[in-house]
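Structure assessment
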Amino acid sequence: FLLALVSFLTGFAKGGFNALAALMTPLLSLMMTPAEAVGIVLLLYLIGDAFAVYTYRGEWNWPVVLSMLPAAVVGSLAGTWLLTVLSPGGLRWLLAVFVLFLVAYKVASDRLQAFRYNPQAWHGPLAGGVAGVFSGMFNSGGPTFNAYLLLQKLEPRAFVATASLFFAVLNLVKEMKGPILCLV
């Protein structure tokens, strides 16, 4: 039942309700190890990414994607590495801390939109790197990514399109982590 629920919610998450995406790995971690949950959720995300990128093709914001993606790829590889070296107990502890971070993000997200933001060149790579680490560890880079995008004041379709492309590329990198790490 839980796997069916997560599969169903993935469709909503990839269709623009990306806050739901942060719940997938914690939900599945109730019935399996966090590392197994990340693998299953990643497969579901890759399927959803294909549909989302097709649906929103060409509507993404290239400057945002390009400023965040290189650091996100490095962060994702680091997060995936942490996923493989930490014990299941250590991962559950980190996942609990991450869920508390999500709650704090939800409380603060409305305030982010009203925040007077002075953009700096390093903000995109920093947000991308942190989103990459969380994405690599828990498939949950969305809150960091969303916080940065909220400050960019994008139109709703451009916001969803940019998220779709960013996470599609990041999820492909995570899927290909073995060949990528062999090259490094």
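Residues numbered from 1 in each chain as written. Predicted model: local features only at pLDDT ≥ 70, side-chain atom pairs only at ≥ 80, totals over all residues. Heavy atoms only, no water.

**A few points about a nonpolar patch on the surface**
Quick reminder of the rule: Each patch is built from residues that are more than 30% exposed by relative accessible area and take part in no salt bridge. Like charges join if they lie within 9 Å; nonpolar side chains (Val, Leu, Ile, Met, Phe, Trp, Tyr) join within 5 Å. Per-residue accessibility takes into account occlusion by the displayed protein chains alone, with areas from the Shrake-Rupley method and a 1.4 Å probe. The rule for a salt bridge is simple: a side-chain nitrogen of Lys or Arg has to be within 4 Å of a carboxyl oxygen of Asp or Glu. Helix and strand definitions follow DSSP, with helices as H or I runs of at least four residues and strands as E runs of at least two, each counted in order from the N terminus. For every residue, the accessible area obtained with a 1.4 Å probe (protein chains only) is divided by the maximum for its type, and the residue is called buried under 20%, exposed over 50%, and partly exposed between those limits.
A cluster of nonpolar side chains, namely L43, I47 and F51, defines an oily patch on the protein surface of about 340 Å² accessible area. Examined against the element boundaries, I47 turns out to sit in helix α3 (residues 34–55). Since its relative accessible area comes to 47%, I47 is described here as partly exposed.

**Details of the side chain of N139**
Selection rule: Side-chain atoms alone can form a polar contact between residues adjacent in sequence; in general such a contact is a pair of N or O atoms within 3.5 Å, and within protein one must be able to donate a hydrogen while the other accepts it.
With respect to the element layout, N139 can be found in the loop between α6 (123–138) and α7 (142–152). A polar contact is formed between the side chain of N139 and the side chain of K174, at a distance of 2.6 Å.

**Section: the environment of G136**
Note that G136 resides in helix α6. Classification of G136 by relative accessible area gives buried; the value is 2%. Between the C-alpha atom of G136 and that of L170, which follows or precedes it by 34 residues, the distance is 8.7 Å.

**Quick word on helix α8 (residues 156–175)**
Heads up, the rule is: The span one expects for a helix is its residue count, reduced by one, times 1.5 Å.
Its 20 residues give α8 an end-to-end C-alpha distance of 28 Å, which sits within 8% of 28 Å, the value for a rise of 1.5 Å per residue. Of all 20 residues in α8, 15 are buried; the element is thus mostly enclosed.

**Considerations on the pattern of salt bridges**
Note on pairing: side chains with opposite charge can pair once their charged atoms come close. Taken as a whole and judged by the stated rule, the model has one salt bridge. One salt bridge connects R157 with E59, and the closest N-O pair in it is separated by 2.9 Å. You can see R157 sitting in helix α8 and its partner E59 sitting in the loop between α3 and α4 (62–85), a full 98 residues away along the chain. By relative accessible area, which is 44% here, R157 ends up partly exposed. A relative accessible area of 29% places E59 in the partly exposed class.

**Regarding the packing of α7 against α8**
In plain terms, the rule: Angles here are taken between N-to-C directions and fall from 0 to 180 degrees, while the axes themselves are lines fitted to C-alpha atoms, restricted in helices to the stretch in contact. Working rule for angles: under 35 degrees goes down as roughly parallel, over 145 as roughly antiparallel, 65 to 115 as roughly perpendicular, anything else as oblique. What makes a crossing left-handed is the near helix being turned counterclockwise from the far one by less than a right angle; a clockwise turn instead makes it right-handed. Between two residues, a contact is recorded if the distance between any of their heavy atoms is within 4.5 Å.
It is the contact of α7 with α8, at a shortest axis distance of 11 Å, that shows an interaxial angle of 140 degrees. Of the possible angle classes, the one that applies to α7 and α8 is oblique. As α7 runs across α8, the sense of the crossing is right-handed. The segment α7 lies against α8, with G142, F145, N146, L149 and L150 engaging F159, T162, A163, F166 and F167.

**Quick look at the packing of α4 against α8**
Relative placement of two packed helices is described by the angle separating their axes and the distance separating the axes. Defined as follows: Under the scheme applied, nonpolar residues are Ala, Val, Leu, Ile, Met, Phe, Trp, Tyr, Cys and Pro; charged residues are Asp, Glu, Lys and Arg; polar residues are all the others, including Gly.
Contact geometry for α4 and α8: axes closest at 9 Å, N-to-C directions at 30 degrees. On the basis of the axis angle, α4 is roughly parallel to α8. Crossing of α4 over α8 shows right-handed handedness. On the side of α4, the interface is formed by W62, V64, V65, M68, L69, A72, V73, S76, L77 and T80, while α8 contributes T162, L165, F166, V169, L170, V173 and K174. Looking at the contact of α4 with α8 residue by residue, the class counts come to 13 nonpolar, three polar and one charged.

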